[in-house]
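Residue-level structural notes
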Number of protein chains: 2
Amino acid sequence: MKLCAEDKLLHELLRLVPVPQDQPLGPGDDCAAIKCGKPGTLILLKTDCIAEDVHFLRSHDPAKVGWKALCRPLSDIAAMGGTPAQALITFFSPPDLDSTYWIKFYRGLGRAARRFGVTIAGGEMSRQKHGIAVSVMLTGHIDSKHLLTRSGGKPGDLLFVTGQLGGSIAGHHLNFTPRLQEGQWLAKNIHPSAMMDISDGLGTDLSRLARASGCGFEVNPESIPCRKGSDIESALSDGEDYELLLAIPPSKALLLQKYWPTAFPQTRLNRIGTLTPPQPAPPNWPGGWDHFEKN
Amino acid sequence: MKLCAEDKLLHELLRLVPVPQDQPLGPGDDCAAIKCGKPGTLILLKTDCIAEDVHFLRSHDPAKVGWKALCRPLSDIAAMGGTPAQALITFFSPPDLDSTYWIKFYRGLGRAARRFGVTIAGGEMSRQKHGIAVSVMLTGHIDSKHLLTRSGGKPGDLLFVTGQLGGSIAGHHLNFTPRLQEGQWLAKNIHPSAMMDISDGLGTDLSRLARASGCGFEVNPESIPCRKGSDIESALSDGEDYELLLAIPPSKALLLQKYWPTAFPQTRLNRIGTLTPPQPAPPNWPGGWDHFEKN
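If you're wondering where the values come from, they're calculated on a predicted model, not measured in any experiment.

**Regarding the overall build of chain A**
Each helix and strand counted, chain A has eight helices and 10 strands in total. Against the 2.2 N^0.38 benchmark of 19 Å for 295 residues, chain A shows a C-alpha radius of gyration of 19 Å, consistent with a compact globule. If one aligns the C-alpha atoms of chain A with their principal axes, the spans along those axes are about 55 × 45 × 45 Å. When burial is assessed residue by residue, chain A has 55% of its 295 residues classed as buried. Considering only residue pairs separated by 6 or more positions, chain A has 87% of its internal contacts joining residues 24 or more positions apart.

Spelled out as structure tokens, the structure:
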């Protein structure tokens, strides 16, 4: 299966640096998972970022941009089934930006932090010549027996997605709710064999989950839940959905479909396909957003 | 004592977000210190960043920029007396930059990681429209009884600095060695009452240490160790020294001055002054580099 340019570069870069050897999960999953000296508990580490004109515009409400900045890595903690803890905020501020921008930004960030139980433990601020950029580092924790990765899928596992996909640019990308409750519930009650969040589009992200699990996949395009105003192509390629993609053995599917509607009456859960033995992606399967694709 | 514009903005922003309440150290010191569930051990969290044309130029060797990116937050871990552990790297890459830049950058980053016992546990990459920027998140750990902060200084404590100050721009800022060994040795053997790293210039950073400790200070300008080619003004104001500034009670000074030369024959240690009861900064005391000073 084709690696996107971003994943290729990442693979190359990680060969040049020492990576954790004796830890449950190093780079390459939604979060790293690190032993913390307390038996049965793992610390989750995640870094994420947003840049002006890529993830948001100067004209967007800074409070919404602050909400988004924190909720993006929260979506990765959700994908591991984890509970978030502390965030550290780094921002780059261009000379033409007044510091009131950051006050509004921190209001939105603070709203997300209070809502999802995160405290801001530190940060760093710097000038840069052009453009606003923000990086958020987030810690979390999880019982080691509940940890979910993207690499545990098996041929025959059924594929599900939460919510709806596509057309995020119309507004969802600035006001989405990370699926923390859903992720924690799934980790404790169902324990999918693999889970990840959909941030670069189902096209890219399902390919990633399948590759990490050593599988191929089949999808019924008509079962993909499209957000209002979007179509299947857009659901596969747009990105910024911040929904969960999970693989579960057929034996657990009945349990999941029985209890989900009671646990999360507001959140759709759609079965979209199946993991298979390794095979090429379906014809015309699109990639999603790729920061390092040559044009 | 006057707050620099950067500290004022930080103070204002931190009022808008929840900060850790039941932890040994929240935002405002060199690192945050967080309980990890293992009695007697604290986790250190630090984020730092560098931006093109502020901290480095496009013409600088990318491997040296990679070294610097990791060594800057290592200097903060050093200032707590801590031992570094995992780093997460976020980089913003402009469209006019070839990905070979990042390969060279990661070589230098990897060299620093191996040298100082850090593993790279994750990261994130993004396009941005203009300019290179990098944020590094670093974890570390420390025995809670050895933790050093900038707020424990007392009137009468003697002030020391390691190494030499000023003129970093001539090269030191790209190839310095973070004072990890010195910081750990000091934490275990001397336990200064306050310590921090000097990154924004002694002018700004001594003011910060004194303010955090509720003290004033007196400095003998002639005792400030100036790097070759720099003068006292430059030693106070240039920044990017990555040396340690420490305050210790006079009772420990003899011990320090006796054992330091054997422990660190290559690293100078100069006594530069004294903490006093709260009082205004000396006349003409300069601030150092301030990212948010109005021009």
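What follows picks up the thread again.
**Re the interface of chain B and chain A**
At the interface, 58 residues of chain B touch 58 residues of chain A. Those elements that place two or more of their residues in the side of chain B that touches chain A are helix 1 (5-14), strand 1 (32-35), strand 2 (41-51), strand 3 (83-93), helix 3 (100-116), strand 4 (119-127) and strand 5 (133-143) of chain B. In terms of residue count, strand 4 of chain B provides more of the side of chain B that touches chain A than any other element does, nine residues in total.

**Regarding the environment of B:Gly26**
Looking at where B:Gly26 falls in the secondary structure, it is placed in the loop between helix 1 and strand 1. Overall, B:Gly26 belongs to the partly exposed group, with 19 C-beta atoms counted inside 10 Å. Sequence-wise, B:Gly26 and B:Leu138 are 112 residues apart; in three dimensions their C-alpha atoms are separated by 15 Å. For B:Gly26, the residues in contact, after removing those within four places along its chain, are A:Ala121, B:Val19, B:Pro20 and B:Ala32.

**Some words on the pairing of strand 3 of chain B**
The side chains of a regular strand alternate, first on one face of the sheet and then on the other. All names here are of chain B. With 10 of its 11 residues buried, strand 3 lies for the most part within the structure. Bridging between strand 3 and strand 5 involves eight bridges; their strand directions are antiparallel. In the strand pairing of strand 5, Ala87 is matched with Leu138. Alignment of strand 3 against strand 4, held across eight bridges, turns out to be parallel. The residue bridging Gln86 from the neighbouring strand is Thr119, located in strand 4. Once the chain exits strand 3 it traverses helix 3 before rejoining the sheet at strand 4, and the crossover so formed is right-handed.

**Points about the domain arrangement of chain A**
Residue and element names in this part refer to chain A. Structurally, chain A comprises domain 1 (31-145) and domain 2 (158-276). Listed per partner, the contact involves 14 residues of domain 1 and 17 residues of domain 2. With 10 residues, the single largest contributor to the side of domain 1 that touches domain 2 is helix 2 (residues 62-79). Residue classes in the side of domain 1 that touches domain 2 are distributed as seven nonpolar, four polar and three charged.

**Some points on the packing of helix 3 (residues 100-116) of chain A against helix 1 of chain B**
Axis separation between helix 3 of chain A and helix 1 of chain B bottoms out at 9 Å; the angle between their running directions is 25°. Looking at the two axes, helix 3 of chain A sits roughly parallel to helix 1 of chain B. In this structure, helix 3 of chain A meets helix 1 of chain B at a crossing whose hand is right-handed. Contacts from A:Trp102, A:Ile103 and A:Tyr106 of helix 3 of chain A reach helix 1 of chain B at B:Leu9, B:Glu12 and B:Leu13. Residues belonging to the contact of helix 3 of chain A with helix 1 of chain B are distributed by class as follows: five nonpolar, no polar and one charged.

The rules behind the values
- Residues numbered from 1 in each chain as written.
- Chains lettered and ligands numbered in written order.
- Predicted model: local features only at pLDDT ≥ 70, side-chain atom pairs only at ≥ 80, totals over all residues.
- Helix = DSSP H or I, 4+ residues; strand = E, 2+ residues; numbered from the N terminus.
- Rg over C-alpha atoms; globule rule 2.2 N^0.38 Å.
- Buried ≥ 20, exposed ≤ 12 C-beta atoms within 10 Å, placed from the backbone.
- Contact = placed C-beta atoms within 7 Å.
- Pairing = 2+ DSSP bridges.
- Right-handed = clockwise from strand over helix to strand, strands pointing away.
- Domains from an automatic or database assignment.
- Nonpolar A, V, L, I, M, F, W, Y, C, P; charged D, E, K, R; others polar.
- Axes fitted to C-alpha atoms, helices over the stretch in contact; angles between N-to-C directions.
- Parallel < 35°, antiparallel > 145°, perpendicular 65-115°, else oblique.
- Left-handed = near helix turned anticlockwise from the far one by under 90°.

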